[in-house]
There are 2 protein chains.
Amino acid sequence: MTVTDSPFLKACRREPVPHTPVWFMRQAGRSLPEYRKAREGIAMLDSCTRPELVTEITLQPVRRHGVDAAILFSDIVVPLKAIGVDLDIKPGVGPVIAEPIRTRADLARLRPLDPADVSYVAEAVRGTVAELGDVPLIGFAGAPFTLASYLVEGGPSRNHEHTKAMMYGAPELWAELVDRLAGIAAAFLSVQIESGVSAVQLFDSWAGALAPADYRRAVLPASAKVFSAVAHHGVPRIHFGVGTGELLGLLGEAGADVVGVDWRVPLDEAARRVGPGKALQGNLDPAVLFAPTAAVQEQADEVLAAARDLPGHVFNLGHGVLPDTDPDALTRLVAHVHERTAG
Amino acid sequence: MTVTDSPFLKACRREPVPHTPVWFMRQAGRSLPEYRKAREGIAMLDSCTRPELVTEITLQPVRRHGVDAAILFSDIVVPLKAIGVDLDIKPGVGPVIAEPIRTRADLARLRPLDPADVSYVAEAVRGTVAELGDVPLIGFAGAPFTLASYLVEGGPSRNHEHTKAMMYGAPELWAELVDRLAGIAAAFLSVQIESGVSAVQLFDSWAGALAPADYRRAVLPASAKVFSAVAHHGVPRIHFGVGTGELLGLLGEAGADVVGVDWRVPLDEAARRVGPGKALQGNLDPAVLFAPTAAVQEQADEVLAAARDLPGHVFNLGHGVLPDTDPDALTRLVAHVHERTAG
C-alpha cells in the first residue's frame with residue numbers, strides 16, 4: 001500500500017475501500033497520557049514550533065489507536081501568531097488576543113503570511129510524513145469566520161456579539177477582514193501541502209452560530225477563496241464546523257471535497273443536504289464514548305448504517321475528542337469500525 | 001382589551017392580530033439597570049422566593065419596553081430547590097448541584113413537587129397578574145432533559161458527557177429520572193397556571209445537544225408527559241430549545257401549541273418542519289442587537305418577512321437577551337416590530 005492508495009484517501013475520493021477509514025478530530029493531544037508527558041512544561045504555542053515534538057505528538061494516536069490518518073499537531077492560531085499578532089493560548093480558556101481587532105486601522109496588524117514565517121511547520125510536516133510511512137497526514141487551518149471571531153472578540157466567545165456587530169454593522173470592514181484571513185489560511189495550507197500533507201481540513205469551528213443567509217453572504221466567499229487557492233494541489237479538502245446542520249450544503253458549495261458532519265444530523269440526511277459529488281466525514285457524538293462499550297458500538301453501528309449508501313465515508317466523531325475520554329475507548333472504537341466494515 | 005384578547009394570546013391561538021406581539025426571553029433581569037438595583041445584595045434563588053420582588057422585576061421590562069407579554073421572574077431550578085435538592089445559582093456560572101445524581105439510589109432525592117413547596121411562586125403570580133392588567137403573564141419550567149443534565153453533570157455542561165453516558169448506558173435509570181422530572185415540571189407549571197398565568201413555556205435549553213433519534217427515544221416521552229399534564233387548563237404551551245433546528249418537528253410533536261425557533265432556521269423553513277396547526281415564536285439573533293439600529297431593523301424585517309405567511313407569529317429573539325445588551329436597543333426593536341406590522 002502507498003499513501004495514495006490508503007483507505008482514507010480512497011474514501012475522500014469516493015473510491016471503494018477495504019474498510020471504512022477512521023480518524024478522530026483532536027486525536028493528537030488532550031486525552032492521551034503520553035501527550036501530557038511529552039508536553040510537560042512546554043506552553044501550547046511553543047510546542048507547535050518544535051518539529052520533533054510535533055512529530056512525536058502527531059504519531060502518538062496512530063501508534064496507540066491504529067487510526068487511518070494522522071492530523072498534524074498544531075493550532076488554528078499558529079499562522080496569526082506567526083505574522084506577529086499578540087496572542088496566547090491559555091490552558092482551560094483557549095486563544096486570547098491582547099488587542100482585539102475592531103477598526104480599519106487594526107487590519108494593518110494582519111499582514112500576509114510568508115512561508116518563512118512558519119518554516120517550523122514545514123519542517124514538522126516533512127519529518128512527520130517520513131515517519132508515517134503509508135499513513136496519510138492531514139494538514140489544517142482555521143476558516144476565516146472562526147479566526148475573525150477570535151480576533152474581534154479577543155478570545156473564545158459563546159455569542160460572538162462583537163463579531164456579528166461588525167458583520168452586520170460594518171460589512172465592508174468585515175469583508176476585508178475575512179478576505180485577509182482567507183489569504184492567511186490559504187498560505188498556511190499551501191505550506192503544509194507543499195511539505196507533504198495528503199489532505200487538508202478547514203475548521204470553521206464557530207460557523208454554526210450563523211444563519212444560512214448570513215453565512216452565504218458574509219462568510220462563504222472568504223472560505224471559498226481558501227479552497228480555491230489550494231485546489232491546484234489536488235489533495236482532498238475537508239470542511240467542518242460543529243452545529244452546522246443548516247449549512248451543510250453551503251459548506252460543500254464553498255469548495256470542499258469532503259464535508260464533516262456533527263452528530264445532530266444523520267449521515268444519510270446530511271448526504272441529501274450536501275448533494276452529490278462529495279464524501280462525508282463523521283459523525284459519532286463524542287459524548288457517547290463515556291458510555292459502556294456495548295452502547296458505543298451500538299451508536300457506531302447506527303452511524304455506519306446511515307453511511308451505508310454514501311459513495312465515500314470517513315468515520316470520525318461529530319466533534320473533537322473530549323478531554324476526559326478514556327483512550328482505550330477510542331482504540332476499541334477504531335477496531336470495531338474496521339471489523340464491521342472489512343471485506 | 002382583555003388579557004384573552006391580547007395580541008400575544010391571539011397569535012398563540014393563530015388568530016388575526018392588530019400587530020405582531022413581541023416579548024424577549026430573559027427580558028426580566030440581566031440587561032436592565034433597574035433589575036440590578038432591585039436585586040442588589042439578594043442572591044438569585046432568594047429573590048425568586050420574594051413575591052413582591054418577583055412582581056417588580058417581572059414588570060420592569062413591560063414598563064420599559066412595552067412588550068406584549070411578561071414572563072415570570074424565576075429560574076428552572078426553583079422547583080428542584082423547593083423539593084430539597086442541595087443546589088445554588090453561582091453568578092457567572094449557573095446552577096451548581098452539591099451532589100450530582102448518578103445512581104438509582106440518588107433518585108430518592110427527587111420527590112414529587114407539592115404546590116405548598118412553592119407557595120411563594122403562586123403568590124408572586126397572583127400579585128403580578130393583578131398589576132399587569134391586560135398584559136398576559138407567561139409561566140415556565142425547565143424540560144426534563146435540561147433539568148436532568150444539570151442534576152447529572154452537577155452544573156452547566158458543554159458536552160453533557162455524564163448525562164449521555166446514563167442515557168445510552170443505563171436507559172432504564174435514565175427513563176425513570178426524566179419521568180420524575182416530568183412530574184415535577186408539570187406540577188410547577190400547574191401551580192403557575194392555577195395562580196393565573198395565561199401561557200406557559202417549557203425551556204429545553206440543552207435539547208439541541210441531541211440527535212433527533214435520541215431525542216425521540218429518550219426525551220420526547222418525558223416532555224410530552226409535561227405538556228399533556230397541563231393540557232386541560234387550555235392555556236397556550238410554548239416549547240423552546242436553542243440549536244434545535246433538527247428537532248423542530250419533534251418539539252411540536254411533544255405537545256406544544258407554539259414552537260420557539262432559534263435564529264439558525266428561517267421561520268418559513270421552520271414552519272415546514274413543524275407542520276400545520278402550530279404557531280411559531282422567534283427568531284432574531286440576540287447578537288444582532290449589538291449592531292447599529294439600521295442593521296437591527298433590517299434583520300428584524302427579514303424575520304418578519306419570513307413570518308409573513310405564518311398563521312401565528314410571536315416575535316422574540318432566537319435565544320435569551322445577552323447580558324451586555326443595550327436596553328434601549330430592545331425598546332426600539334419592540335416599537336419597530338409594532339410599527340411594521342400594525343394595520
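Residues numbered from 1 in each chain as written. Chains lettered and ligands numbered in written order. Predicted model: local features only at pLDDT ≥ 70, side-chain atom pairs only at ≥ 80, totals over all residues. Heavy atoms only, no water.

Topic: the environment of leucine 317 of chain A
All names here are of chain A.
- Note that leucine 317 resides in strand β9 (residues 313-317).
- Sequence separation of leucine 317 and asparagine 283 is 34 residues, and the distance between their C-alpha atoms is 4.7 Å.
- Residues in contact with leucine 317, not counting those within four places in the same chain, are Trp23, Phe24, Met25, Gly282, Asn283, Leu284, Pro286, Leu289 and Leu333. (Helix = DSSP H or I, 4+ residues; strand = E, 2+ residues; numbered from the N terminus. Contact = heavy atoms within 4.5 Å.)

Considering the sheet that holds strand β7 (residues 258-260) of chain A
Residues and elements named next belong to chain A.
- A sheet is described by the order of its strands in space; here seven strands give the open sequence β1-β4-β5-β6-β7-β8-β9, paired in parallel fashion. This sheet does not close on itself; its edge strands, each paired only once, are β1 (70-71) and β9.
- One ladder, built from five bridges, connects strand β4 (residues 137-142) with strand β5 (residues 199-203); its direction is parallel. Bridge assignment links alanine 141 to a residue of β5, and that residue is leucine 202. (Pairing = 2+ DSSP bridges.)

Considering helix α8 (residues 161-169) of chain A
- Counting buried residues in α8 of chain A gives seven out of nine residues, a clear majority hidden from the surface.
- Three or more residues of α8 of chain A are buried, namely Glu161, Thr163, Lys164, Ala165, Met166, Met167 and Tyr168 of chain A.
- Here the buried face of α8 of chain A lies against α7 (144-153), α9 (171-195) and α10 (212-218) of chain A together with α14 (293-306) of chain B. (Buried < 20%, exposed > 50% of the residue type's maximum accessible area, 1.4 Å probe, protein only.)

Re the relation of the copies chain A and chain B
- Placing chain A over chain B gives an RMSD of 0.0 Å and needs a rotation angle of 180 degrees, together with 0.0 Å of translation along the axis. Such values leave the two copies arranged in the relation of a two-fold axis.
- The residues that chain A uses at the interface reappear at the interface of chain B in 100% of cases, marking a shared surface. (Least-squares fit on C-alpha atoms with pLDDT ≥ 70 in both.)

Concerning the interface of chain A and chain B
- With 30 residues of chain A in contact, the opposing surface of chain B contributes 30 residues.
- For the pair chain A and chain B, the two sides together bury roughly 2500 Å², of which 57% comes from carbon and sulfur.
- Per-residue buried area on chain A facing chain B is highest for Tyr168, Glu246 and Arg264 of chain A; these three make up 23% of the total on that side.
- For the interface between chain A and chain B, the tally reads four salt bridges.
- Between arginine 273 of chain A and glutamate 246 of chain B there is a salt bridge whose closest N-O contact spans 2.7 Å.
- Here chain A and chain B share eight residue pairs in polar contact (both at pLDDT 80 or more) between them.
- If you list the elements that add at least two residues to the side of chain A that touches chain B, you get α8, α10 and α14 (293-306) of chain A.
- With five residues, the single largest contributor to the side of chain A that touches chain B is α8 of chain A.
- Across the side of chain A that touches chain B, the residue classes break down as 16 nonpolar, six polar and eight charged. (Buried area = accessible area lost by both parts, 1.4 Å probe. Salt bridge = Lys/Arg side-chain N within 4 Å of Asp/Glu carboxyl O. Polar contact = N/O pair within 3.5 Å; in protein donor to acceptor, adjacent residues only side chain to side chain. Nonpolar A, V, L, I, M, F, W, Y, C, P; charged D, E, K, R; others polar.)

Describing the confidence of the model for chain A
- Looking at chain A as a whole, its pLDDT mean stands at 97, while 100% of the residues score no less than 70.
- In the predicted complex, the global pTM is 0.95; the interface-specific ipTM is 0.93. (pLDDT = per-residue confidence, 0-100.)

A word on the side chain of threonine 146 of chain A
- Within the element layout of this structure, threonine 146 of chain A appears in helix α7.
- A relative accessible area of 0% places threonine 146 of chain A in the buried class.

Examining the sheet that holds strand β6 (residues 237-240) of chain B
Residues and elements named next belong to chain B.
- Pairing is parallel across the open sheet formed by seven strands, whose spatial order is β1-β4-β5-β6-β7-β8-β9. Every other strand in the sheet has two partners, leaving β1 (70-71) and β9 (313-317) as the edge strands with one partner each.
- With respect to the sheet, helix α9 (residues 171-195) is in contact with β4 (137-142) and β5 (199-203), its orientation differing from that of β4 by roughly 165 degrees.
- The strands that helix α11 (residues 220-230) touches are β5 and β6; relative to β6, the one it contacts most, it runs at about 165 degrees. (Axes fitted to C-alpha atoms, helices over the stretch in contact; angles between N-to-C directions.)

A closer look at helix α6 (residues 119-132) of chain A
Residues and elements named next belong to chain A.
- When the terminal C-alpha atoms of α6 are compared, their 20 Å separation across 14 residues agrees well with the 20 Å that a helix rising 1.5 Å per residue should span.
- Within the span of α6, buried status applies to Tyr120, Val121, Ala122, Ala124, Val125, Thr128 and Leu132.
- If you follow the buried residues of α6, they end up packed against α4 (51-65), β1, α5 (78-82), β4 and α9.
- Positive phi appears at glycine 133, one or two residues downstream of α6, with a value of about 65 degrees. (Expected span 1.5 Å × (residues − 1).)

Here we look at the side chain of histidine 313 of chain A
All names here are of chain A.
- Positionally, histidine 313 belongs in strand β9.
- Residue class for histidine 313 comes out buried when judged on its relative accessible area of 8%.
- From its side chain, histidine 313 meets the backbone oxygen of glycine 282 in a polar contact 2.8 Å long.
- Beyond its immediate stretch of four places on either side in the chain, histidine 313 contacts Ala11, Thr20, Pro21, Leu267, Leu280, Gly282, Val303, Leu304 and Ala307.

Description of the packing of helix α7 (residues 144-153) of chain B against helix α8 (residues 161-169) of chain B
All names here are of chain B.
- At a minimum axis distance of 8 Å, the contact between α7 and α8 shows a crossing angle of 110 degrees. Considering the angle they form, α7 stands roughly perpendicular to α8. Here Phe145, Ser149, Val152 and Glu153 of α7 lie close against α8, whose contacting residues are Glu161, His162, Thr163, Met166 and Met167.
- Tallied by class, the residues present in the contact of α7 with α8 amount to four nonpolar, three polar and two charged. (Parallel < 35°, antiparallel > 145°, perpendicular 65-115°, else oblique.)

Focus: the pairing of β5 of chain A
- When you tally the buried positions in β5 of chain A, you get five out of five residues, the bulk of the element.
- Burial along β5 of chain A is two-sided: the residues Ala199, Gln201 and Phe203 of chain A and Val200 and Leu202 of chain A are all buried.

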